Amino acid sequence: MKPLHKATIEALQQVQHLVEASDRQRYNQPSRHSESGIGRHVRHILDHFLALQQGIKQGCIDYNQRHRDSQLEQDPMIALQLIHQLNHWFSVSETALADAPIRVESEISSVQQCSQQFDSSIDRELCYLINHTVHHVAYAKLVAKELGLLVNAKIGIAPSTASYLRQQAN
């Protein structure tokens, strides 16, 4: 398996650890400092993975496709099922995930509705998913800690920061 595909699965495993550390009651409970609970961050992350999966089939990754207010935000078991499905897909879809050009569509403005399409590659989008996932896991980890959940200290740390920390430990 290519390192990029392995790293993508590792990012999904961080989401899995976060969900497993949650209980149903606190899974989508906002904390005192956040309007979004863990479930909303998890749904947002997984929406991006689903956009990639669908985009590979259609030839354009549309990151505007979201499943806001879905059961995925409310039920950690549904999130775990989807994470397992995505992990399986990444494990068996090496050919589908071979680097190739692909179009991407995304909203670009917070002031008005404005989407743009541009050229990318599957490898570039996998790299984006890794960084996007770690970013949201870091936020959700803060929410989890504030709600009194025990979370793995190693999740939600950017790959370059993790390398720096490993170097400092030696």
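Analysis parameters
Residues numbered from 1 in each chain as written. Predicted model: local features only at pLDDT ≥ 70, side-chain atom pairs only at ≥ 80, totals over all residues. Heavy atoms only, no water. Phe/Tyr/Trp six-rings, centres within 6.5 Å; stacked < 30°, edge-to-face > 60°. Helix = DSSP H or I, 4+ residues; strand = E, 2+ residues; numbered from the N terminus. Buried < 20%, exposed > 50% of the residue type's maximum accessible area, 1.4 Å probe, protein only. Expected span 1.5 Å × (residues − 1). Contact = heavy atoms within 4.5 Å. Salt bridge = Lys/Arg side-chain N within 4 Å of Asp/Glu carboxyl O.

Caption draft 1: Inspection of the packing of aromatic side chains at higher detail. Per the counting criterion, the structure on display carries three aromatic pairs. Plain terms: the ring middles of Phe 49 and Phe 90 are 5.8 Å apart, the flat faces sit at 85° to each other, and that makes the pair edge-to-face. Residue Phe 49 is located in helix α2 (residues 38-58), and its partner Phe 90 is located in helix α4 (residues 76-92); the two are separated by 41 residues in the primary sequence. Phe 49 gets classed as buried once you look at its relative accessible area, which sits at 0%. Overall, Phe 90 belongs to the buried group, its relative accessible area being 0%.

Caption draft 2: Quick peek at α2. Here α2 is 21 residues long and its end C-alpha atoms lie 30 Å apart, about the 30 Å a rise of 1.5 Å per residue gives. Directly beyond the C-terminal end of α2, a positive phi value near 90° is found at Gly 59.

Caption draft 3: Just the side chain of Ser 22, in detail. Within the element layout of this structure, Ser 22 appears in the loop between α1 (3-21) and α2. Residues within four places of Ser 22 in sequence aside, it is in contact with Tyr 27, Ile 38 and Leu 149.

Caption draft 4: Representation of the pattern of salt bridges in the model. Under the defined criterion, the tally for this structure stands at eight salt bridges. Two residues, Lys 2 and Asp 123, come together in a salt bridge whose shortest N-O distance is 3.4 Å. Of the two residues, Lys 2 sits in the segment before α1 while Asp 123 sits in helix α5 (residues 122-146), which places them 121 residues apart along the sequence. Here Lys 2 falls in the partly exposed class, since its relative accessible area comes to 32%. We note a salt bridge from Arg 26 to Asp 23, for which the minimum N-O separation is 2.6 Å.

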